[in-house]
Amino acid sequence: LGSVRKLTSFLEFGAPGRRQRKAAEDADRDVRAAVLRDVDGLTYKEIGQVLGLPVPDEYGDKGDHPTVRQAANRGRRIVVRALGEERWRQHVRAMRDEAERWCSLSEAQQEAESMAEHLDIPYEEALRRVEEEEAYFEERRRSKAESEND
């Protein structure tokens, strides 16, 4: 049984003439790297900064980050295996569209959407709360400024 497990492991993760490796040490990180690359269009160096992966010394001036490049490729393969190539492309387009829509919202609208989602309340109610809160803090700022001028 142990031999069968070793053989299966080698067939899944091994390569002839090389040591056995894990398919993906951190699949979540790899998929996130693929999304940051394919959806957000970040460079490998920028993705490394987001993920907290330092650039190897020999690549510091070149703008490349081989560790991140490999992680993004692994992440892309994981998602393509799960969804298929065309479904991944569709998903990327949908995520880009959603990111564009999100960026077009005002800060209050973004906060209201987040609040509605997290509190499971209607968007209109969340927006009303955000606007009331903004009005309250604006009034406090105004009152404070008036009291400082007196």
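Residues numbered from 1 in each chain as written. Predicted model: local features only at pLDDT ≥ 70, side-chain atom pairs only at ≥ 80, totals over all residues. Heavy atoms only, no water.

A look at the overall build of the chain
Turning to step 1, where the next piece is worked out: A tally of regular secondary structure across the chain gives 7 helices and 0 strands.
Turning to step 2, where the next piece is worked out: Taken from N to C terminus, the helices and strands of the chain fall in the order α-α-α-α-α-α-α.
Turning to step 3, where the next piece is worked out: Residue pairs at least 24 apart in sequence account for 32% of intrachain contacts in the chain once pairs closer than 6 positions are excluded.
Turning to step 4, where the next piece is worked out: Accessible area for the chain stands at about 11,300 Å²; split by element, carbon and sulfur atoms hold 48% of it. (Helix = DSSP H or I, 4+ residues; strand = E, 2+ residues; numbered from the N terminus. Contact = heavy atoms within 4.5 Å. Areas by Shrake-Rupley, 256 points an atom, 1.4 Å probe, with all protein chains shown as cover.)

A closer look at the side chain of Asp30
Turning to step 1, where the next piece is worked out: For Asp30, the position within the fold is in helix H2 (residues 27-38).
Turning to step 2, where the next piece is worked out: Of the residues examined, Asp30 reaches a relative accessible area of 0% and is grouped as buried.
Turning to step 3, where the next piece is worked out: Polar side-chain contacts of Asp30 include one of 2.8 Å to the side chain of Arg74. (Buried < 20%, exposed > 50% of the residue type's maximum accessible area, 1.4 Å probe, protein only. Polar contact = N/O pair within 3.5 Å; in protein donor to acceptor, adjacent residues only side chain to side chain.)

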